[in-house]
Amino acid sequence: MTNAKTATNDVRVIVIGAGMAGILSAIRLREYGYENFVIYEKSDRLGGTWRENTYPGLACDVPAHLYTYSFEPNPDWSHTFAPGPEIQSYFERVAEKYNVIEKIRFNESVPHCEFKDGKWKIRTSTGREDEAEIVIAATGVLHHPKMADIPGMDSFDGACFHSARWDHNVELAGKRVGVVGTGSTAIQIATALVDKVSHFDLFQRTPQWIMPIDNDEYTEEEKATLRADPQALEATRTELDAGFQHFANAVIDADSAEMKEIEDACLANLEDNVHDPELREKLRPDYRAACKRLIFSPDFYDAIQHPNADVVTSGIKCIEPRGIRTEDGKLHELDVLVMATGFHANKFIRPTTVLGRGGIDLDDVWGDHPVAYLSISIPEFPNFFMLNGPNGPVGNFSLIQIAESQVSYILQLIGLIRAGKCREISANSSATAAFESLRCAAAKKSIWATGCNSWYLDKNGVPATWPWTPSHFFEEMASPRLDSFDQIG
Ligand code: NAP
């Protein structure tokens, strides 16, 4: 048995999830000399979000060169905002290059984790039992699809599926397609599909502000330059990062001049680019731009003005065998119905049962209000660390940049165990409560709290996001404040 005063090289780590953050964890663990680890992955492929979302038009709304591991730049991104399949291939390539795949147990989810006798004991979906000192939950944020609860859903005669469960066996050409929702997903689908189907209906409950950012293709010449010149590649990244930080700094202060610039750009986009006054009014939100996650699209307004397309604003009454009936009594006949209705954003690792010290259940601790110190650590859940956990910077930074700094932070905590300084470490209750209280107070000043409904809001209507600047986040992540943690052993 490991003595707390003895350094050990044999700390075992269980990583849950082989998406962007799980792959990253594996690479960094190896780099720091940890070989005794495993990744459990519920699916038969790695990639997380990028494996699950395959809908037409899928792209990342973070510039590709920022949505890239810092240690594995990619000069070959095709566009400013990379298409989903390219991102999936990138993760597959990186996982292969760093020999991560041999560490993944595919088709093995983890329904049960329990901290007992100083270790995490887990049970997997195949019945396997495993144990480790450390668990890293790299289980993602938006991975529980939310189907709208609309009467008659099962009665529809055509194909009906959620955007994150796209059925590629369904032919779309020449079909009447309806999409419910106007989030980032629906807007990307609409833009990709309107001119490929016989008719396109967008069922809009709430209009969205659209920021008209170009999605330029990198020329072969540009890619060759980035390939040949690592400094040019780094400069591209730095330049994009500056633009992104500008946005990240703007949204946390609803009254900032930068926020006003963003709102003006969205308003001008609507006024200048939607020509039919009736359609323009349908598409005009009555809340402030970026209150909901801002949609970046250079061509959604073009697409939705296509003669094939309609924006349906009358509420959905029910689904019938032949289509959607709206409150105005009209039946919108459809062959294919896509529910781009979002995700349950506050589940995180759940439905996995996670039992901490003394058998306390994470589901009871969290209920419908998940909290973790700096999104990473939860009191009484020792040696259990989350990547992109609750209340992190999901709304304003690249999730890869976040995960990279969180992994470095977690490695410092695990390092204390390896060095024999302690056997159990978790954030203490007072630091967690203080952090959460400051976070909520700051979040109320952000644009996300200015009067709209969105998946950023918690049950009390407070944005469940990081409400400070990126620099503050990275400073906080640089090294753990150890007085915020309980260390035992
Ligand atoms: P979302 O932003 O949560 O949007 C869901 C949409 O469905 C909303 O328009 C919502 O209307 C509508 N809706 C839900 N239930 C409905 C009902 N019963 N009747 C009518 N409409 C209903 O989901 P999402 O578009 O999938 O995007 C979620 C997040 O995923 C994004 O914010 C983004 O973070 C991420 N994402 C990123 C990218 C990317 O480029 N990286 C692409 C896609 C998604 P209300 O607005 O009225 O609630």
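It should be emphasised that the depicted structure is a prediction, and the values quoted were computed from it without experimental measurement. (Residues numbered from 1 in each chain as written. Predicted model: local features only at pLDDT ≥ 70, side-chain atom pairs only at ≥ 80, totals over all residues. Heavy atoms only, no water.)

(A) Representation of the state of the cysteines in the model. Here the structure, examined in full by the defined rule, presents 1 disulfide. The disulfide partner of cysteine 291 is cysteine 452, and the gap between their sulfur atoms is 2.2 Å. Residues cysteine 291 and cysteine 452 are joined through a disulfide that is left-handed, its torsion about the S-S bond being -95 degrees. A residue pair is termed long-range when its members are at least 10 positions apart, and cysteine 291 in the loop between α8 (277-282) and β12 (295-296) and cysteine 452 in the loop between α12 (429-443) and α13 (470-478) qualify at 161 residues. Relative accessible area serves as the criterion here: at 13%, cysteine 452 is assigned to the buried category. The closest cysteine sulfur to the non-disulfide-bonded cysteine 113 is located on cysteine 422, 20 Å from its own sulfur. Take cysteine 113: its relative accessible area is 0%, and that puts it in the buried class. Not engaged in a disulfide, the cysteine cysteine 160 finds its nearest cysteine sulfur in cysteine 318; these two sulfurs lie 13 Å apart. Accessibility expressed as a relative area gives 29% for cysteine 160, which makes it partly exposed. (Disulfide = S-S within 2.5 Å. Helix = DSSP H or I, 4+ residues; strand = E, 2+ residues; numbered from the N terminus. Buried < 20%, exposed > 50% of the residue type's maximum accessible area, 1.4 Å probe, protein only.)

(B) The sheet that holds strand β10 (residues 199-203), seen in detail. Read across the open sheet, the 5 strands follow the order β8-β17-β9-β10-β13; overall the sheet is parallel. Every interior strand has two partners, whereas the edge strands, β8 (159-162) and β13 (309-312), have only one. Here the strands of the sheet are splayed against their neighbours by 15 degrees on average, with no regard to which way each runs. Summarising the sheet, β10 and β13 pair through 4 bridges and their orientation is parallel. Within β13, the residue paired with phenylalanine 200 across the bridge is alanine 309. (Pairing = 2+ DSSP bridges. Axes fitted to C-alpha atoms, helices over the stretch in contact; angles between N-to-C directions.)

(C) Quick peek at the packing of aromatic side chains. Following the criterion strictly, the structure yields 28 aromatic pairs and no others. Aromatic side chains phenylalanine 348 and tryptophan 366 sit 6.0 Å apart centroid to centroid with 70 degrees between the ring planes, which places their arrangement in the edge-to-face category. Highlighted residues: phenylalanine 348 in the loop between β17 (336-339) and β18 (353-355) and tryptophan 366 in helix α10 (residues 362-366), separated in sequence by 18 residues. Neither phenylalanine 348 nor tryptophan 366 differs from the other in exposure class; each is buried. Taking the centre distance of 5.7 Å and the plane angle of 80 degrees together, the rings of phenylalanine 397 and phenylalanine 473 count as edge-to-face. (Phe/Tyr/Trp six-rings, centres within 6.5 Å; stacked < 30°, edge-to-face > 60°.)

(D) Broad picture of the site of the ligand. Of all residues adjacent to the ligand, which total 22 residues, the nearest are Ala59, Thr182, Thr185, Thr206 and Lys292. At a separation of 2.8 Å, an oxygen atom of the ligand approaches a polar backbone atom of threonine 182. Glutamine 188 places a polar side-chain atom, nitrogen or oxygen, 3.2 Å from an oxygen atom of the ligand. Calculation on the ligand without its partners gives an accessible area of 900 Å², and the protein chains cover 84% of this total. Element by element, the count of residues in the shell around the ligand is highest for helix α4 (residues 184-193), at 3 residues. (Near = heavy atom within 4 Å. Polar contact = N/O pair within 3.5 Å; in protein donor to acceptor, adjacent residues only side chain to side chain. Areas by Shrake-Rupley, 256 points an atom, 1.4 Å probe, with all protein chains shown as cover.)

(E) Quick look at helix α6 (residues 230-251). When the terminal C-alpha atoms of α6 are compared, their 32 Å separation across 22 residues agrees well with the 32 Å that a helix rising 1.5 Å per residue should span. Along α6, the positions that sit buried rather than exposed are Ala232, Leu233, Thr236, Arg237, Asp241, Phe244, Phe247, Ala248, Ala250 and Val251. The secondary structure elements touched by the buried residues of α6 are α5 (220-228), α7 (257-273), β12, α11 (399-418) and α13. Its side-chain oxygen at 3.0 Å from the backbone nitrogen of glutamine 231, aspartate 229 defines the N-terminal cap of α6. (Expected span 1.5 Å × (residues − 1). Contact = heavy atoms within 4.5 Å.)

(F) Just α11, in detail. For α11, which comprises 20 residues, the first-to-last C-alpha distance of 28 Å matches the rise-based estimate of 28 Å (1.5 Å per residue) to within 8%. By the criterion of burial, α11 is predominantly enclosed, with 16 of the 20 residues buried.

(G) Looking closely at the packing of α5 against α6. Between α5 and α6, whose axes approach to 5 Å, the crossing angle comes to 110 degrees. In this view, α5 runs roughly perpendicular relative to α6, as classed from their interaxial angle. Packed against α5, whose contacting residues are Thr225, Leu226 and Ala228, the element α6 presents Pro230, Ala232, Leu233 and Thr236 at the interface. A per-class count over the contact of α5 with α6 returns 5 nonpolar, 2 polar and no charged. (Parallel < 35°, antiparallel > 145°, perpendicular 65-115°, else oblique. Nonpolar A, V, L, I, M, F, W, Y, C, P; charged D, E, K, R; others polar.)

(H) Layout of unusual backbone geometry. Here the residue pair arginine 350 and proline 351 is connected by a cis peptide bond, since its omega of 20 degrees sits within 30 degrees of zero. We note that serine 375 has phi near 70 degrees; this positive angle belongs to a residue other than glycine. Mapping serine 375 onto the fold places it in the loop between α10 and β19 (384-386). We classify serine 375 as buried; its relative accessible area is 0%.

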